[in-house]
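As a plain string of letters, each chain reads:
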Amino acid sequence: MSASRVHQLLAIDDNPENLELISDTLAEETLEILTASDPEVGFQTFLRVRPKIILLDLVMPRVSGMELLEKIVDIDPGADVILITAHYSTDSAVEAIQKGACDYLTKPLDVGRLRRRIASLVREADTRQVTLRLDQELLSACRFEGMIGRGPLMMEVFSKIRRIAPHFRTALITGATGTGKELVARALHRLSPASTDRFVVCNCSALVESLVESELFGYVKGAFTGAAQDRAGLFESADGGVIFLDEIGELSQSAQAKLLRVLQDHQVRRVGASVSREIDLRVIAATNRDLRSMVREGEFREDLYYRLAVVEIDLPTLANRREDLPLLERYFLEKFAAEYEKPIAGLTRRAQGRMATYPWPGNIRELESVIGNACMMADGKFLDINDLPDRIRAQSSDLSPTDEALFSLEEMQRRHLIRVLERVGGNKARAAEILGVGRATIYQLLSRMKLEKSGESA
(Lines give C-alpha, C1' and ligand atoms only; values in the text may rest on other atoms or scores of the structure.)
Protein backbone atom coordinates (compact mmCIF):
# COMPACT_ATOMS: atom_id res chain seq x y z
CA MET A 1 0.00 0.00 0.00
CA SER A 2 1.04 3.58 -0.60
CA ALA A 3 2.97 5.25 2.16
CA SER A 4 2.13 8.70 0.88
CA ARG A 5 -0.84 9.41 3.12
CA VAL A 6 -2.98 7.82 5.84
CA HIS A 7 -6.39 6.54 4.71
CA GLN A 8 -9.34 6.06 7.03
CA LEU A 9 -11.45 2.91 6.98
CA LEU A 10 -14.71 2.49 8.89
CA ALA A 11 -16.00 -1.01 9.71
CA ILE A 12 -19.62 -1.32 10.91
CA ASP A 13 -20.66 -4.78 12.17
CA ASP A 14 -22.72 -5.83 15.19
CA ASN A 15 -20.34 -8.76 15.77
CA PRO A 16 -17.28 -7.59 17.79
CA GLU A 17 -15.29 -10.65 16.67
CA ASN A 18 -15.62 -9.61 13.03
CA LEU A 19 -14.49 -6.09 13.89
CA GLU A 20 -11.46 -7.50 15.70
CA LEU A 21 -10.63 -9.73 12.72
CA ILE A 22 -10.88 -6.76 10.35
CA SER A 23 -8.69 -4.60 12.58
CA ASP A 24 -6.02 -7.31 12.91
CA THR A 25 -6.10 -8.15 9.19
CA LEU A 26 -5.82 -4.58 7.99
CA ALA A 27 -3.36 -3.24 10.58
CA GLU A 28 -1.18 -0.97 8.45
CA GLU A 29 0.72 2.25 9.10
CA THR A 30 -1.10 3.94 6.23
CA LEU A 31 -4.58 2.81 7.31
CA GLU A 32 -6.48 4.26 10.27
CA ILE A 33 -9.22 1.79 11.23
CA LEU A 34 -12.41 2.97 12.91
CA THR A 35 -15.02 0.46 14.15
CA ALA A 36 -18.62 0.56 15.32
CA SER A 37 -20.79 -2.34 16.52
CA ASP A 38 -23.95 -0.22 16.43
CA PRO A 39 -25.13 0.84 12.94
CA GLU A 40 -26.49 4.18 14.11
CA VAL A 41 -23.24 4.99 15.92
CA GLY A 42 -21.35 3.88 12.82
CA PHE A 43 -23.41 6.21 10.62
CA GLN A 44 -22.72 9.14 12.95
CA THR A 45 -19.01 8.27 12.79
CA PHE A 46 -19.25 8.31 9.00
CA LEU A 47 -20.89 11.75 9.07
CA ARG A 48 -18.20 13.10 11.39
CA VAL A 49 -15.09 11.57 9.79
CA ARG A 50 -16.17 10.96 6.16
CA PRO A 51 -13.84 7.96 5.56
CA LYS A 52 -13.46 6.91 1.93
CA ILE A 53 -13.55 3.14 2.61
CA ILE A 54 -16.44 1.52 4.54
CA LEU A 55 -16.93 -2.16 5.41
CA LEU A 56 -20.61 -2.71 6.13
CA ASP A 57 -22.38 -5.79 7.52
CA LEU A 58 -25.57 -6.54 5.58
CA VAL A 59 -27.67 -7.90 8.48
CA MET A 60 -27.72 -5.76 11.65
CA PRO A 61 -30.36 -4.90 14.24
CA ARG A 62 -32.64 -1.86 13.69
CA VAL A 63 -30.90 -0.70 10.49
CA SER A 64 -30.06 -3.02 7.58
CA GLY A 65 -26.75 -2.73 5.78
CA MET A 66 -28.58 -2.09 2.49
CA GLU A 67 -30.43 0.87 4.04
CA LEU A 68 -27.22 2.23 5.52
CA LEU A 69 -25.47 1.79 2.14
CA GLU A 70 -28.08 3.99 0.46
CA LYS A 71 -27.72 6.72 3.09
CA ILE A 72 -23.91 6.70 2.86
CA VAL A 73 -23.78 6.78 -0.95
CA ASP A 74 -26.44 9.48 -1.05
CA ILE A 75 -24.26 11.71 1.15
CA ASP A 76 -20.90 10.77 -0.37
CA PRO A 77 -21.16 9.09 -3.79
CA GLY A 78 -17.36 8.91 -3.92
CA ALA A 79 -17.15 6.55 -0.92
CA ASP A 80 -16.06 2.95 -1.53
CA VAL A 81 -18.51 0.72 0.37
CA ILE A 82 -18.02 -3.03 0.67
CA LEU A 83 -20.99 -5.07 1.93
CA ILE A 84 -20.29 -8.18 4.01
CA THR A 85 -22.80 -11.00 4.58
CA ALA A 86 -22.93 -14.55 5.84
CA HIS A 87 -25.74 -15.39 3.43
CA TYR A 88 -24.73 -14.74 -0.17
CA SER A 89 -27.38 -14.38 -2.86
CA THR A 90 -27.06 -13.14 -6.41
CA ASP A 91 -30.10 -10.88 -6.00
CA SER A 92 -28.71 -9.06 -2.96
CA ALA A 93 -25.27 -8.78 -4.60
CA VAL A 94 -26.76 -7.21 -7.71
CA GLU A 95 -28.94 -4.92 -5.59
CA ALA A 96 -25.91 -3.81 -3.56
CA ILE A 97 -23.86 -3.03 -6.66
CA GLN A 98 -26.77 -1.15 -8.22
CA LYS A 99 -27.16 0.94 -5.06
CA GLY A 100 -23.52 1.98 -5.13
CA ALA A 101 -21.48 -0.69 -3.34
CA CYS A 102 -18.07 -1.30 -4.88
CA ASP A 103 -17.90 -4.96 -3.77
CA TYR A 104 -19.76 -7.73 -1.92
CA LEU A 105 -17.87 -10.17 0.34
CA THR A 106 -19.07 -13.28 2.19
CA LYS A 107 -18.42 -14.53 5.72
CA PRO A 108 -16.31 -16.10 7.01
CA LEU A 109 -14.03 -13.46 5.59
CA ASP A 110 -11.20 -14.59 3.35
CA VAL A 111 -8.35 -12.69 5.02
CA GLY A 112 -6.12 -12.69 1.95
CA ARG A 113 -8.89 -11.51 -0.36
CA LEU A 114 -9.97 -8.75 2.07
CA ARG A 115 -6.40 -7.50 2.39
CA ARG A 116 -5.92 -7.45 -1.39
CA ARG A 117 -9.25 -5.69 -1.99
CA ILE A 118 -8.55 -2.95 0.55
CA ALA A 119 -5.01 -2.53 -0.80
CA SER A 120 -6.45 -2.00 -4.28
CA LEU A 121 -8.92 0.61 -2.97
CA VAL A 122 -6.11 2.47 -1.22
CA ARG A 123 -4.06 2.44 -4.42
CA GLU A 124 -7.07 3.74 -6.35
CA ALA A 125 -7.53 6.54 -3.79
CA ASP A 126 -3.86 7.52 -4.12
CA THR A 127 -4.18 7.41 -7.89
CA ARG A 128 -7.23 9.69 -7.74
CA GLN A 129 -5.25 12.20 -5.69
CA VAL A 130 -2.38 12.12 -8.19
CA THR A 131 -4.85 12.39 -11.07
CA LEU A 132 -6.51 15.40 -9.46
CA ARG A 133 -3.15 17.14 -9.12
CA LEU A 134 -2.21 16.27 -12.70
CA ASP A 135 -5.63 17.48 -13.92
CA GLN A 136 -5.01 20.83 -12.25
CA GLU A 137 -1.55 21.07 -13.83
CA LEU A 138 -2.97 20.04 -17.21
CA LEU A 139 -5.72 22.62 -16.89
CA SER A 140 -3.12 25.35 -16.36
CA ALA A 141 -1.07 24.09 -19.30
CA CYS A 142 -4.07 23.94 -21.64
CA ARG A 143 -5.33 27.48 -21.15
CA PHE A 144 -4.98 29.89 -24.01
CA GLU A 145 -6.26 33.45 -23.73
CA GLY A 146 -9.21 32.47 -21.57
CA MET A 147 -10.00 29.29 -23.54
CA ILE A 148 -9.51 25.65 -22.55
CA GLY A 149 -8.51 22.87 -24.93
CA ARG A 150 -5.96 20.16 -25.60
CA GLY A 151 -7.51 18.26 -28.52
CA PRO A 152 -6.31 18.64 -32.11
CA LEU A 153 -9.26 20.79 -33.20
CA MET A 154 -8.72 23.41 -30.50
CA MET A 155 -4.94 23.27 -30.88
CA GLU A 156 -5.46 24.23 -34.52
CA VAL A 157 -7.76 27.09 -33.48
CA PHE A 158 -5.17 28.38 -31.00
CA SER A 159 -2.44 28.13 -33.63
CA LYS A 160 -4.53 30.04 -36.17
CA ILE A 161 -5.27 32.81 -33.65
CA ARG A 162 -1.54 33.22 -32.93
CA ARG A 163 -0.73 33.47 -36.64
CA ILE A 164 -3.60 35.77 -37.54
CA ALA A 165 -3.69 38.21 -34.62
CA PRO A 166 -0.65 40.37 -35.53
CA HIS A 167 -1.82 40.95 -39.11
CA PHE A 168 -5.60 40.75 -39.65
CA ARG A 169 -7.80 43.69 -40.65
CA THR A 170 -11.04 41.69 -40.95
CA ALA A 171 -11.83 38.20 -39.65
CA LEU A 172 -14.87 35.93 -39.59
CA ILE A 173 -15.55 33.51 -36.72
CA THR A 174 -18.11 30.75 -37.34
CA GLY A 175 -19.51 28.06 -35.10
CA ALA A 176 -22.64 26.86 -33.32
CA THR A 177 -24.17 28.81 -30.45
CA GLY A 178 -22.16 28.47 -27.25
CA THR A 179 -18.85 27.43 -28.82
CA GLY A 180 -16.95 30.54 -27.64
CA LYS A 181 -16.90 32.91 -30.61
CA GLU A 182 -16.59 36.05 -28.47
CA LEU A 183 -13.69 34.48 -26.55
CA VAL A 184 -11.87 34.01 -29.87
CA ALA A 185 -12.62 37.60 -30.86
CA ARG A 186 -11.22 38.91 -27.57
CA ALA A 187 -8.14 36.72 -27.98
CA LEU A 188 -7.53 38.20 -31.44
CA HIS A 189 -7.86 41.68 -29.96
CA ARG A 190 -5.48 41.01 -27.05
CA LEU A 191 -2.81 39.57 -29.35
CA SER A 192 -3.16 42.25 -32.04
CA PRO A 193 -1.31 45.58 -32.34
CA ALA A 194 -4.62 47.20 -31.28
CA SER A 195 -4.61 45.49 -27.87
CA THR A 196 -4.25 48.77 -25.97
CA ASP A 197 -7.29 50.30 -27.70
CA ARG A 198 -10.98 49.59 -27.28
CA PHE A 199 -12.86 46.37 -27.98
CA VAL A 200 -16.42 47.35 -28.95
CA VAL A 201 -19.16 44.72 -29.14
CA CYS A 202 -22.20 45.04 -31.42
CA ASN A 203 -24.96 42.41 -31.29
CA CYS A 204 -26.36 42.70 -34.82
CA SER A 205 -29.45 40.63 -33.99
CA ALA A 206 -30.50 43.25 -31.42
CA LEU A 207 -30.32 46.21 -33.84
CA VAL A 208 -33.67 47.71 -34.84
CA GLU A 209 -33.74 48.10 -38.63
CA SER A 210 -34.72 51.76 -38.53
CA LEU A 211 -31.85 52.55 -36.16
CA VAL A 212 -29.06 50.39 -37.64
CA GLU A 213 -27.31 53.26 -39.42
CA SER A 214 -27.40 55.64 -36.45
CA GLU A 215 -26.23 52.89 -34.05
CA LEU A 216 -23.32 51.84 -36.23
CA PHE A 217 -22.26 55.18 -37.68
CA GLY A 218 -23.71 57.82 -35.33
CA TYR A 219 -25.72 60.99 -36.06
CA VAL A 220 -25.56 64.76 -35.78
CA LYS A 221 -27.82 67.03 -33.79
CA GLY A 222 -31.17 67.56 -35.54
CA ALA A 223 -30.75 64.64 -37.95
CA PHE A 224 -34.10 63.22 -36.79
CA THR A 225 -36.63 63.72 -34.03
CA GLY A 226 -34.94 63.07 -30.70
CA ALA A 227 -31.39 63.75 -31.97
CA ALA A 228 -30.68 66.43 -29.38
CA GLN A 229 -26.90 66.30 -29.76
CA ASP A 230 -24.13 64.81 -31.86
CA ARG A 231 -23.44 61.14 -31.10
CA ALA A 232 -20.66 58.87 -32.32
CA GLY A 233 -21.62 55.42 -33.59
CA LEU A 234 -20.01 52.11 -32.65
CA PHE A 235 -17.51 52.27 -35.51
CA GLU A 236 -16.19 55.67 -34.40
CA SER A 237 -16.09 54.48 -30.80
CA ALA A 238 -13.86 51.58 -31.86
CA ASP A 239 -11.50 53.78 -33.92
CA GLY A 240 -7.94 52.54 -33.37
CA GLY A 241 -9.17 49.32 -31.80
CA VAL A 242 -11.48 46.42 -32.70
CA ILE A 243 -15.21 46.21 -33.36
CA PHE A 244 -16.85 42.82 -32.89
CA LEU A 245 -19.98 42.35 -35.00
CA ASP A 246 -21.72 39.39 -33.40
CA GLU A 247 -24.51 37.56 -35.29
CA ILE A 248 -23.53 39.27 -38.55
CA GLY A 249 -25.90 36.97 -40.44
CA GLU A 250 -28.89 38.80 -38.94
CA LEU A 251 -28.16 42.11 -40.72
CA SER A 252 -30.63 43.20 -43.39
CA GLN A 253 -29.56 43.61 -47.03
CA SER A 254 -29.67 47.40 -46.63
CA ALA A 255 -27.44 47.30 -43.54
CA GLN A 256 -25.06 44.88 -45.30
CA ALA A 257 -24.61 47.37 -48.17
CA LYS A 258 -23.77 50.20 -45.77
CA LEU A 259 -21.34 48.02 -43.83
CA LEU A 260 -19.60 46.98 -47.05
CA ARG A 261 -19.11 50.64 -48.01
CA VAL A 262 -17.44 51.38 -44.67
CA LEU A 263 -15.13 48.36 -44.97
CA GLN A 264 -14.11 49.43 -48.49
CA ASP A 265 -13.64 53.17 -47.86
CA HIS A 266 -12.50 53.12 -44.20
CA GLN A 267 -14.83 56.09 -43.66
CA VAL A 268 -18.11 56.59 -41.79
CA ARG A 269 -20.66 59.32 -42.26
CA ARG A 270 -22.97 60.13 -39.39
CA VAL A 271 -26.69 60.32 -40.14
CA GLY A 272 -27.43 63.92 -41.15
CA ALA A 273 -23.74 64.84 -41.69
CA SER A 274 -22.37 66.23 -44.95
CA VAL A 275 -18.82 64.92 -44.57
CA SER A 276 -17.28 61.53 -43.77
CA ARG A 277 -14.76 60.69 -41.06
CA GLU A 278 -11.68 58.52 -41.53
CA ILE A 279 -11.48 55.48 -39.24
CA ASP A 280 -8.71 52.95 -38.64
CA LEU A 281 -9.87 49.79 -36.92
CA ARG A 282 -10.02 46.01 -37.14
CA VAL A 283 -13.33 44.28 -37.76
CA ILE A 284 -14.23 40.82 -36.42
CA ALA A 285 -17.58 39.31 -37.41
CA ALA A 286 -19.16 36.18 -35.98
CA THR A 287 -22.16 34.02 -36.81
CA ASN A 288 -23.73 30.67 -36.06
CA ARG A 289 -25.35 30.63 -39.51
CA ASP A 290 -23.97 29.19 -42.75
CA LEU A 291 -23.09 32.36 -44.65
CA ARG A 292 -22.10 30.44 -47.78
CA SER A 293 -25.60 28.98 -48.01
CA MET A 294 -27.06 32.41 -47.34
CA VAL A 295 -24.97 33.81 -50.21
CA ARG A 296 -26.26 31.09 -52.55
CA GLU A 297 -29.84 31.85 -51.51
CA GLY A 298 -29.37 35.59 -51.92
CA GLU A 299 -29.77 36.37 -48.20
CA PHE A 300 -26.22 37.62 -47.65
CA ARG A 301 -24.08 39.74 -49.98
CA GLU A 302 -21.32 37.76 -51.61
CA ASP A 303 -18.98 40.75 -51.77
CA LEU A 304 -19.46 41.42 -48.03
CA TYR A 305 -18.85 37.77 -47.22
CA TYR A 306 -15.51 37.76 -49.03
CA ARG A 307 -14.58 41.11 -47.48
CA LEU A 308 -15.16 39.67 -43.99
CA ALA A 309 -13.81 36.16 -44.58
CA VAL A 310 -10.29 37.15 -45.55
CA VAL A 311 -9.49 35.08 -42.48
CA GLU A 312 -12.03 32.53 -41.19
CA ILE A 313 -11.91 30.61 -37.92
CA ASP A 314 -14.44 27.79 -37.53
CA LEU A 315 -15.05 26.58 -33.97
CA PRO A 316 -15.85 22.90 -33.29
CA THR A 317 -18.87 21.83 -31.27
CA LEU A 318 -18.34 20.30 -27.84
CA ALA A 319 -19.57 16.98 -29.25
CA ASN A 320 -16.61 17.05 -31.67
CA ARG A 321 -14.04 17.79 -28.97
CA ARG A 322 -15.08 15.42 -26.18
CA GLU A 323 -11.45 14.93 -25.16
CA ASP A 324 -11.68 18.47 -23.73
CA LEU A 325 -14.80 17.71 -21.64
CA PRO A 326 -12.96 16.64 -18.41
CA LEU A 327 -10.77 19.76 -18.56
CA LEU A 328 -13.76 22.04 -19.09
CA GLU A 329 -15.63 20.32 -16.26
CA ARG A 330 -12.64 20.86 -13.96
CA TYR A 331 -12.34 24.51 -15.03
CA PHE A 332 -16.00 25.35 -14.38
CA LEU A 333 -16.08 23.28 -11.19
CA GLU A 334 -13.16 25.23 -9.72
CA LYS A 335 -14.71 28.50 -10.87
CA PHE A 336 -18.12 27.90 -9.26
CA ALA A 337 -16.78 26.13 -6.16
CA ALA A 338 -14.78 29.30 -5.44
CA GLU A 339 -17.70 31.58 -6.33
CA TYR A 340 -20.13 29.73 -4.04
CA GLU A 341 -17.44 29.05 -1.39
CA LYS A 342 -18.03 25.28 -1.41
CA PRO A 343 -15.32 22.58 -0.94
CA ILE A 344 -16.30 20.68 -4.11
CA ALA A 345 -13.46 18.41 -5.23
CA GLY A 346 -14.86 16.86 -8.40
CA LEU A 347 -17.55 14.75 -10.04
CA THR A 348 -18.38 11.15 -9.20
CA ARG A 349 -17.54 8.54 -11.80
CA ARG A 350 -21.20 7.94 -12.61
CA ALA A 351 -21.81 11.69 -13.03
CA GLN A 352 -18.79 11.92 -15.34
CA GLY A 353 -20.12 8.98 -17.31
CA ARG A 354 -23.54 10.56 -17.71
CA MET A 355 -22.00 13.89 -18.76
CA ALA A 356 -19.82 12.08 -21.31
CA THR A 357 -22.83 10.52 -23.06
CA TYR A 358 -24.88 13.73 -23.22
CA PRO A 359 -24.82 15.40 -26.69
CA TRP A 360 -24.39 19.01 -25.41
CA PRO A 361 -26.52 20.85 -27.98
CA GLY A 362 -25.78 24.14 -26.17
CA ASN A 363 -22.03 23.44 -26.27
CA ILE A 364 -19.71 25.07 -23.71
CA ARG A 365 -22.29 27.64 -22.63
CA GLU A 366 -24.65 24.79 -21.69
CA LEU A 367 -21.86 22.94 -19.86
CA GLU A 368 -21.04 26.06 -17.86
CA SER A 369 -24.70 26.44 -16.90
CA VAL A 370 -24.98 22.79 -15.85
CA ILE A 371 -21.85 22.85 -13.68
CA GLY A 372 -22.81 26.20 -12.16
CA ASN A 373 -26.28 24.97 -11.23
CA ALA A 374 -24.93 21.66 -9.90
CA CYS A 375 -22.37 23.44 -7.70
CA MET A 376 -25.12 25.65 -6.34
CA MET A 377 -27.28 22.65 -5.44
CA ALA A 378 -24.56 20.28 -4.16
CA ASP A 379 -24.20 19.54 -0.45
CA GLY A 380 -21.19 17.20 -0.53
CA LYS A 381 -17.64 17.26 -1.87
CA PHE A 382 -18.57 15.61 -5.17
CA LEU A 383 -21.17 16.43 -7.78
CA ASP A 384 -23.35 13.39 -8.42
CA ILE A 385 -26.05 12.49 -10.93
CA ASN A 386 -28.78 13.83 -8.62
CA ASP A 387 -27.14 17.29 -8.78
CA LEU A 388 -27.48 17.38 -12.58
CA PRO A 389 -30.51 18.71 -14.51
CA ASP A 390 -33.33 16.33 -15.42
CA ARG A 391 -32.44 16.29 -19.11
CA ILE A 392 -28.97 14.92 -18.32
CA ARG A 393 -30.09 12.51 -15.58
CA ALA A 394 -32.57 11.02 -18.05
CA GLN A 395 -29.81 10.45 -20.62
CA SER A 396 -29.24 6.78 -19.84
CA SER A 397 -29.44 5.08 -23.21
CA ASP A 398 -30.51 5.54 -26.78
CA LEU A 399 -33.49 3.27 -26.20
CA SER A 400 -36.60 4.00 -24.18
CA PRO A 401 -38.01 1.51 -21.62
CA THR A 402 -40.72 0.67 -24.16
CA ASP A 403 -38.09 -0.30 -26.73
CA GLU A 404 -36.17 -2.31 -24.15
CA ALA A 405 -39.29 -4.29 -23.30
CA LEU A 406 -39.27 -5.60 -26.86
CA PHE A 407 -35.72 -7.02 -26.71
CA SER A 408 -35.11 -10.71 -27.18
CA LEU A 409 -33.93 -12.72 -24.16
CA GLU A 410 -30.50 -13.06 -25.79
CA GLU A 411 -30.21 -9.28 -26.22
CA MET A 412 -31.33 -8.67 -22.62
CA GLN A 413 -28.71 -11.21 -21.47
CA ARG A 414 -25.95 -9.44 -23.36
CA ARG A 415 -26.95 -5.99 -22.13
CA HIS A 416 -27.16 -7.15 -18.51
CA LEU A 417 -23.72 -8.76 -18.80
CA ILE A 418 -22.26 -5.47 -20.08
CA ARG A 419 -23.86 -3.52 -17.20
CA VAL A 420 -22.52 -5.94 -14.57
CA LEU A 421 -19.03 -5.87 -16.08
CA GLU A 422 -19.09 -2.08 -16.04
CA ARG A 423 -20.12 -2.14 -12.36
CA VAL A 424 -17.26 -4.45 -11.34
CA GLY A 425 -14.62 -2.72 -13.42
CA GLY A 426 -14.31 -5.54 -15.97
CA ASN A 427 -13.59 -8.21 -13.35
CA LYS A 428 -14.94 -11.31 -15.13
CA ALA A 429 -14.63 -13.60 -12.11
CA ARG A 430 -16.66 -11.15 -10.00
CA ALA A 431 -19.24 -10.77 -12.79
CA ALA A 432 -19.60 -14.55 -13.01
CA GLU A 433 -20.13 -14.72 -9.24
CA ILE A 434 -22.81 -12.02 -9.30
CA LEU A 435 -24.61 -13.54 -12.29
CA GLY A 436 -24.45 -17.04 -10.83
CA VAL A 437 -22.70 -18.59 -13.83
CA GLY A 438 -19.29 -20.07 -14.49
CA ARG A 439 -16.41 -17.91 -15.66
CA ALA A 440 -16.28 -19.95 -18.88
CA THR A 441 -19.85 -18.81 -19.66
CA ILE A 442 -18.76 -15.16 -19.38
CA TYR A 443 -15.90 -15.74 -21.82
CA GLN A 444 -18.20 -17.58 -24.23
CA LEU A 445 -20.72 -14.71 -24.22
CA LEU A 446 -18.00 -12.10 -24.73
CA SER A 447 -16.43 -14.13 -27.52
CA ARG A 448 -19.80 -14.46 -29.27
CA MET A 449 -20.45 -10.70 -28.94
CA LYS A 450 -17.00 -9.96 -30.37
CA LEU A 451 -17.60 -12.25 -33.35
CA GLU A 452 -21.00 -10.67 -34.04
CA LYS A 453 -19.51 -7.19 -33.86
CA SER A 454 -16.67 -8.07 -36.24
CA GLY A 455 -19.20 -9.67 -38.59
CA GLU A 456 -21.26 -6.44 -38.64
CA SER A 457 -18.20 -4.33 -39.45
CA ALA A 458 -16.87 -6.70 -42.14
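Anything mentioned here points back to the structure above.
Residues numbered from 1 in each chain as written. Predicted model: local features only at pLDDT ≥ 70, side-chain atom pairs only at ≥ 80, totals over all residues. Heavy atoms only, no water.

Colleague: Describe the packing of aromatic side chains, listing the residues and the values that go with them.
Modeller: As enumerated under the stated definition, the model contains nine aromatic pairs in all. Ring geometry for Tyr-331 and Phe-332: centres 5.2 Å apart, planes at 65°, overall edge-to-face. Looking at Tyr-331, the relative accessible area reads 24%, which means it is partly exposed. Between Lys-71 and the ring centre of Phe-43, over which it is positioned, the NZ or CZ distance is 4.3 Å. In this arrangement the basic side chain of Arg-282 is found over the ring face of Phe-168, its NZ or CZ atom lying 5.9 Å from the centre. (Phe/Tyr/Trp six-rings, centres within 6.5 Å; stacked < 30°, edge-to-face > 60°. Buried < 20%, exposed > 50% of the residue type's maximum accessible area, 1.4 Å probe, protein only. Lys NZ or Arg CZ within 6 Å of the ring centre and 35° of its normal.)

Colleague: Outline helix H1 (residues 16-25), listing residues and values.
Modeller: Residues of H1 that are buried include every one of Asn-18, Leu-19, Ile-22 and Thr-25, and no others. Relative to the axis of H1, the buried residues are bounded by an arc of 135° and lie together on one face. Among the exposed residues of H1, those pointing more than 90 degrees away from its buried face are Pro-16, Glu-17, Glu-20 and Asp-24. Next to the buried residues of H1 lie strand S1 (7-12), strand S2 (31-36), strand S3 (53-57), strand S4 (80-85) and helix H5 (111-141). Two or three places before Glu-17, at the opening of H1, Asn-15 has a side-chain oxygen 2.9 Å from that residue's backbone nitrogen. (Helix = DSSP H or I, 4+ residues; strand = E, 2+ residues; numbered from the N terminus. Arc of directions from axis to C-beta. Contact = heavy atoms within 4.5 Å. Polar contact = N/O pair within 3.5 Å; in protein donor to acceptor, adjacent residues only side chain to side chain.)

Colleague: Summarise the sheet that holds strand S5 (residues 103-106); cite the residues concerned and give the values.
Modeller: As summarised here, the arrangement of the five strands in space is S2-S1-S3-S4-S5, forming an open sheet in which the pairing is parallel. Single-partner strands in this sheet number two, and they are S2 and S5. For this sheet, the mean inter-axis angle between neighbouring strands, taken without regard to orientation, is 20°. Alignment of S3 against S4, held across five bridges, turns out to be parallel. From the neighbouring strand, Ile-53 faces S4, where its bridge partner is Asp-80. Sheet strands in contact with H1 are S1, S2, S3 and S4, and its direction is about 180° off that of S2. The strands touched by helix H2 (residues 39-49) are S1, S2 and S3; relative to S1, the strand with the most contacts, the crossing angle is about 165°. (Pairing = 2+ DSSP bridges. Axes fitted to C-alpha atoms, helices over the stretch in contact; angles between N-to-C directions.)

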